[in-house]
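Understanding the architecture of this molecule
What follows is each chain in one-letter form.
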Amino acid sequence: MAKHTVTLIPGDGIGPEIAEAVQKIMKAAGADIQWDVAEGGEACALAGRGVMPEETLASIKRNKVALKGPTTTPTGGGHQSANVTLRKRLDLYANTRPAKNIPGLKTRFDGVDLIIVRENTEDTYAGIEHMVAPNVAQCLKIITWEGSVRVAEYAFEMSRNLGRKRVTCVHKANIHKLSDGLFLKAHEEVAKRFSDVAFDSIIVDNACMQLVSRPEQFDVLSLPNLYGDIVSDLCAGLVGGLGVAPGANIGTTGAVFEAVHGSAPDIAGKGLANPTALLLSGVMMLQHLKENATATRIEKALIAVLSEGKHVTRDLKGTAGTHAFADAICAKL
């Protein structure tokens, strides 16, 4: 019997192809995982079962860990995104997105090695909107003390565990004095309990300017939901784009690791997709499962293939398909 049982949600579009590639690499690396394959995404929604069926949610609750490919939200009213559904139903309150230069992948910046921690359940993403007049829409920004404290605690505890040196709270408390002020105050209070981790804060607009000027100055950034959504994609752009950006959604009773890019229906089924983002999310998952040696082996094999540049996908200026890329990583393993 496998040491770990993990829920696998292949998703839509290119999802099944990159999920298959990641499974192949995991097996080659000797990861002791049994995959509990579950449905989620557009096909389920159009079949009337919702973007994230109850049996899929039950699988994640049972296994406590999931790896998820990209999913498509059907256009039109009545369909919540699969990611929002997962975060709300499983209370996955901390979204974690590393942004780190990958050897062999040339970008505009060097020395980038930061982690975005995004509060995942509150802010404008609570979805409380209404029309207050025929031509006036209102959206409520929800920030709670409890939600702010727990994401701050996660940011500091993660920093301590990973040997990170500094947490920076990103906010707009100069304008949103009560809501963002509460988020900032919670971080200031939590910081007092972590004397081994430095703490500072920065206004979000200044943070964006600094990130595209000297991103190497940052370590761990902790942000409310909306700013975190925007800044995490900005940081992905610093290190090569969403195609190489892993992500994790962490809660007290479970964790879902995901590729943060889209389902790319235009190339689905053609064997052209780059599985790097989902593979790096799998590496984060292995670290979460305390399988650090296997995670390191996979990461080193990936870097070796990217550095050689002979068997990379076309988005990385190569000619290899999804499975040739995966096979090259397996050969390095």
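In short, a report on the structure. (Residues numbered from 1 in each chain as written. Predicted model: local features only at pLDDT ≥ 70, side-chain atom pairs only at ≥ 80, totals over all residues. Heavy atoms only, no water.)

Attention shifts here to the overall build of the protein chain. In terms of helices and strands, the protein chain carries 11 helices and 12 strands. Along the three orthogonal principal directions, the C-alpha set of the protein chain runs to about 55 × 45 × 40 Å. The 333 residues of the protein chain split such that 53% are buried. Within the protein chain, contacts between residues at least 6 apart in sequence are counted, and of these 74% link residues at least 24 apart. Put simply, the protein chain shows about 14800 Å² of open surface, and 53% of that area lies on carbon and sulfur atoms. Distance from the positive charge centre (36 side chains) to the negative charge centre (36 side chains) of the protein chain: 4 Å. (Helix = DSSP H or I, 4+ residues; strand = E, 2+ residues; numbered from the N terminus. Buried < 20%, exposed > 50% of the residue type's maximum accessible area, 1.4 Å probe, protein only. Contact = heavy atoms within 4.5 Å. Areas by Shrake-Rupley, 256 points an atom, 1.4 Å probe, with all protein chains shown as cover. Lys, Arg positive; Asp, Glu negative; His and termini not counted. Charge placed at Lys NZ, Arg CZ, Asp CG, Glu CD.)

Another point: the packing of aromatic side chains. Under the definition given, this model contains 2 aromatic pairs. Considering the side-chain rings of Phe156 and Phe199, the 6.0 Å spacing of their centres and the 45° angle between planes classify their relative orientation as tilted. A residue pair is termed long-range when its members are at least 10 positions apart, and Phe156 in helix H5 (residues 145-162) and Phe199 in strand E9 (residues 198-203) qualify at 43 residues. The residue whose ring lies beneath Arg118 is Tyr125, and the NZ or CZ to ring-centre distance is 5.2 Å. (Phe/Tyr/Trp six-rings, centres within 6.5 Å; stacked < 30°, edge-to-face > 60°. Lys NZ or Arg CZ within 6 Å of the ring centre and 35° of its normal.)

Take Thr313: it is sitting in the loop between helix H10 (292-308) and helix H11 (322-332). Thr313 gets classed as buried once you look at its relative accessible area, which sits at 0%. If sequence neighbours within four positions are ignored, Thr313 has contacts with Leu272, Ala273, Asn274, Gly318, Ala320, Gly321, Thr322 and Phe325.

A few words now on the sheet that holds strand E2 (residues 33-37). Within the open sheet, the 10 strands sit side by side as E2-E1-E3-E12-E11-E4-E5-E10-E8-E9. Their pairing is mixed. At either end of the open sheet lies a strand with only one pairing partner, and these are E2 and E9. Geometrically, the sheet is characterised by an average inter-axis angle of 25° between neighbouring strands, direction not taken into account. Pairing geometry for strand E4 (residues 94-100) and strand E5 (residues 113-119), over 7 bridges, is antiparallel. Looking across to E5, one finds that Pro98 is bridged to Ile115. (Pairing = 2+ DSSP bridges. Axes fitted to C-alpha atoms, helices over the stretch in contact; angles between N-to-C directions.)

One way to put it is that helix H7 (residues 204-211) packs onto helix H8 (residues 225-238) with a least axis distance of 11 Å and a crossing angle of 5°. Considered as vectors, H7 and H8 are oriented roughly parallel to each other. Residue-level contacts link Val204, Cys208 and Leu211 of H7 to Tyr227, Val231, Leu234, Cys235 and Leu238 of H8. (Parallel < 35°, antiparallel > 145°, perpendicular 65-115°, else oblique.)

Side chains of strand E10 (residues 220-223) alternate between two faces, with Val220 and Ser222 and Leu221 and Leu223 buried alike. Note: strand E8 (residues 166-171) against E10, 3 bridges, orientation parallel. Each bridged residue has a counterpart across the sheet, and for Thr168 the counterpart in E10 is Leu221.

Right, let's talk about H8 for a bit. For H8, spanning 14 residues, the distance from its first C-alpha to its last is 20 Å, which sits close to the expected 20 Å at 1.5 Å a residue. By the burial criterion, the buried members of H8 are Asn225, Tyr227, Gly228, Val231, Ser232, Cys235, Ala236 and Leu238. Taken end-on, H8 shows its buried residues confined to a sector of 160°, consistent with a single buried face. Residues of H8 that are exposed and point more than 90 degrees away from the buried face comprise Ile230 and Gly237. Downstream of H8 by a residue or two, Gly240 has a phi angle that is positive, lying close to 130°. (Expected span 1.5 Å × (residues − 1). Arc of directions from axis to C-beta.)

Its identity as a non-glycine residue notwithstanding, Lys64 has a phi of 70°, on the positive side. Following the sequence through the fold, Lys64 ends up in the loop between helix H3 (54-63) and strand E3 (65-68). Positive phi, normally seen in glycine, also occurs at Asp91, with a value near 50°. Its place among the elements puts Asp91 in the loop between helix H4 (82-89) and E4. For Asp91, a relative accessible area of 30% corresponds to the partly exposed category.

With that settled, the discussion passes to the pattern of salt bridges. A complete count under the given rule lists 21 salt bridges for this structure. Taken together, the salt bridges that share partners define one network made up of Lys68, Arg87 and Glu258. (Salt bridge = Lys/Arg side-chain N within 4 Å of Asp/Glu carboxyl O.)

In contact at an axis separation of 9 Å, helix H1 (residues 15-28) and helix H9 (residues 276-288) are set at 45° when each is read in the N-to-C sense. What the angle tells us is that H1 and H9 run oblique. At the point where H1 passes H9, the crossing takes the right-handed sense. Residues Ile18, Ala19, Val22, Ile25 and Met26 of H1 form the contact with H9, whose own contacting residues are Leu278, Leu279, Gly282, Val283, Met285 and Leu286. Of the residues that constitute the contact of H1 with H9, the class distribution is 10 nonpolar, 1 polar and no charged. (Left-handed = near helix turned anticlockwise from the far one by under 90°. Nonpolar A, V, L, I, M, F, W, Y, C, P; charged D, E, K, R; others polar.)

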